[in-house]
Amino acid sequence: RKMVFKLSTGSDKLDKLLGGGVESMSITEVFGEFRTGKTQLSHTLCVTAQMPGKNGYIGGKVMFIDTEHTFRPERLKTISDRFNLDQTAVMENILYARAYNSEHQFELLNSVAAKFHEEAGIFKLLIVDSIMALFRVDFNGIGELADRQNKLGQMMSRLQKISEEFNVAVFITNQITSEFNNNQNLLEETHKPVGGNILAHASTTRIALKKGKGNKRIAKVYDSPDLEECEITYIITNGGIAD
Ligand code: ATP
Ligand code: MG
């Protein structure tokens with residue numbers, strides 16, 4: 001029987017917000033404007049996923065799909081140091097793939113599934129940073145929206161299947177609509193995650209990230225049926241995401 005596990009984000013408060021951490025056999029999405037820490041969180045999870053955790057979790061390998069060319073091995077070194085892990089060993093447990101367009105991003109999931117099958121039970125986390133960036137480039141006209149959503153739906157259902165079949169946590173980052181508005185209240189309204197209903201339904205857990213003062217960031221549960229809709233703050237450090 002497959003045992004669901006939860007990965008630590010590096011922040012106890014954020015873990016609590018998530019109901020214990022980033023869960024396996026499901027899709028967790030974080031979204032927010034630039035510099036809110038989506039990529040830093042992805043890097044932190046690359047390391048924490050390799051460490052033993054709660055309920056007998058033993059740690060495992062990570063698959064990182066990078067669509068924006070923002071994966072930084074240098075960052076993994078300082079995060080490894082924070083957790084007293086060997087830098088080289090941490091790097092060797094991360095399989096990296098760069099996606100060049102949305103079609104390629106989708107095709108990569110075949111290789112991912114093959115790899116997860118080949119090394120059965122070894123991979124624990126699949127990251128896609130970011131899920132929508134290439135789709136927004138490849139389907140940029142309003143006339144292409146239906147087609148985009150159709151392809152996106154196929155990809156999300158593939159991700160869901162992979163998470164369940166191989167008992168891995170799927171962690172995706174997402175962008176927000178960028179209408180500029182000076183009114184604080186309206187900002188809340190307009191800064192929605194992209195991807196529409198398809199992504200809303202596919203992601204089990206959605207977390208909105210916002211900027212706070214200095215290196216402080218704010219995380220808030222978004223539209224969840226079973227998580228409390230509270231918000232917490234976390235910080236971005238040289239050692240990754242922390243309280
Ligand atoms: P985008 O939408 O552009 O992809 P993002 O949400 O992925 O943005 P990140 O790249 O995760 O944003 O976060 C960038 C932030 O992390 C910046 O504010 C930067 O100052 C901070 N940061 C990056 N590296 C470090 C570090 N070593 N120590 C402290 N803070 C850092
Ligand atoms: Mg990023």
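Taken verbatim from the UniProt record of the protein, the Sequence similarities (unreviewed entry) comment is "Belongs to the RecA family. DMC1 subfamily." Quoted straight from UniProt, the Subcellular location (unreviewed entry) entry for the protein says "Nucleus".

### Regarding the site of ligand 1
Lining the immediate surroundings of ligand 1 are 13 residues, of which Phe-34, Arg-35, Lys-38, Thr-39 and Gln-40 lie closest. Elements that contribute at least two residues to the shell around ligand 1 include exactly α2 (38-48) and β10 (231-237). Looking at the shell around ligand 1 element by element, the count peaks at three residues for α2. Class assignment of the residues belonging to the shell around ligand 1 gives a composition of two nonpolar, nine polar and two charged.

### Considerations on the packing of α2 against helix α3 (residues 73-82)
Remark: α2 packs on α3, axes separated minimally by 9 Å, with the N-to-C direction vectors making an angle of 50 degrees. When the axis of α2 is compared with that of α3, the two are oblique. Considering how the two elements wind past one another, α2 and α3 form a crossing that is right-handed. For the pair formed by α2 and α3, the contact residues are His-43, Thr-44, Cys-46 and Val-47 on the first element and Arg-75, Leu-76, Ile-79 and Ser-80 on the second. Looking at the contact of α2 with α3, its residues break down into four nonpolar, three polar and one charged.

Rules of the game
- Here, residues in each chain are numbered from 1, in the same order as that chain's written sequence.
- Chain letters and ligand numbers both follow the written order, the letters beginning at A and the numbers at 1.
- Given that the model is predicted, a residue must reach a pLDDT of at least 70 before its local features are reported, and side-chain atom pairs must reach 80 or more before they are shown or counted; all residues, however, enter totals for whole chains, interfaces and linings.
- UniProt positions are given in the numbering used here, feature names are shortened, and annotations may be inferred rather than shown by experiment.
- Using a C-beta atom placed from the backbone, a residue is scored as near a molecule or strand whenever that atom is within 6 Å of it.
- A run of H or I in DSSP counts as a helix once it spans at least four residues, and a run of E counts as a strand once it spans at least two, with each numbered from the N terminus.
- Nonpolar residues are Ala, Val, Leu, Ile, Met, Phe, Trp, Tyr, Cys and Pro. Charged residues are Asp, Glu, Lys and Arg, and all others, Gly as well, are polar.
- For helices, the axis comes from a line fit to the C-alpha atoms of the stretch in contact; other axes are also lines fit to C-alpha atoms, and the angle between any two N-to-C directions lies between 0 and 180 degrees.
- Oblique is the label for every angle not falling under 35 degrees (roughly parallel), over 145 degrees (roughly antiparallel), or within 65 to 115 degrees (roughly perpendicular).
- Crossing handedness is read from the near helix: turned anticlockwise from the far helix by less than a right angle, it gives a left-handed crossing, and turned clockwise, a right-handed one.
- By definition, residue pairs are in contact when their C-beta atoms, positioned from the backbone, come within 7 Å.

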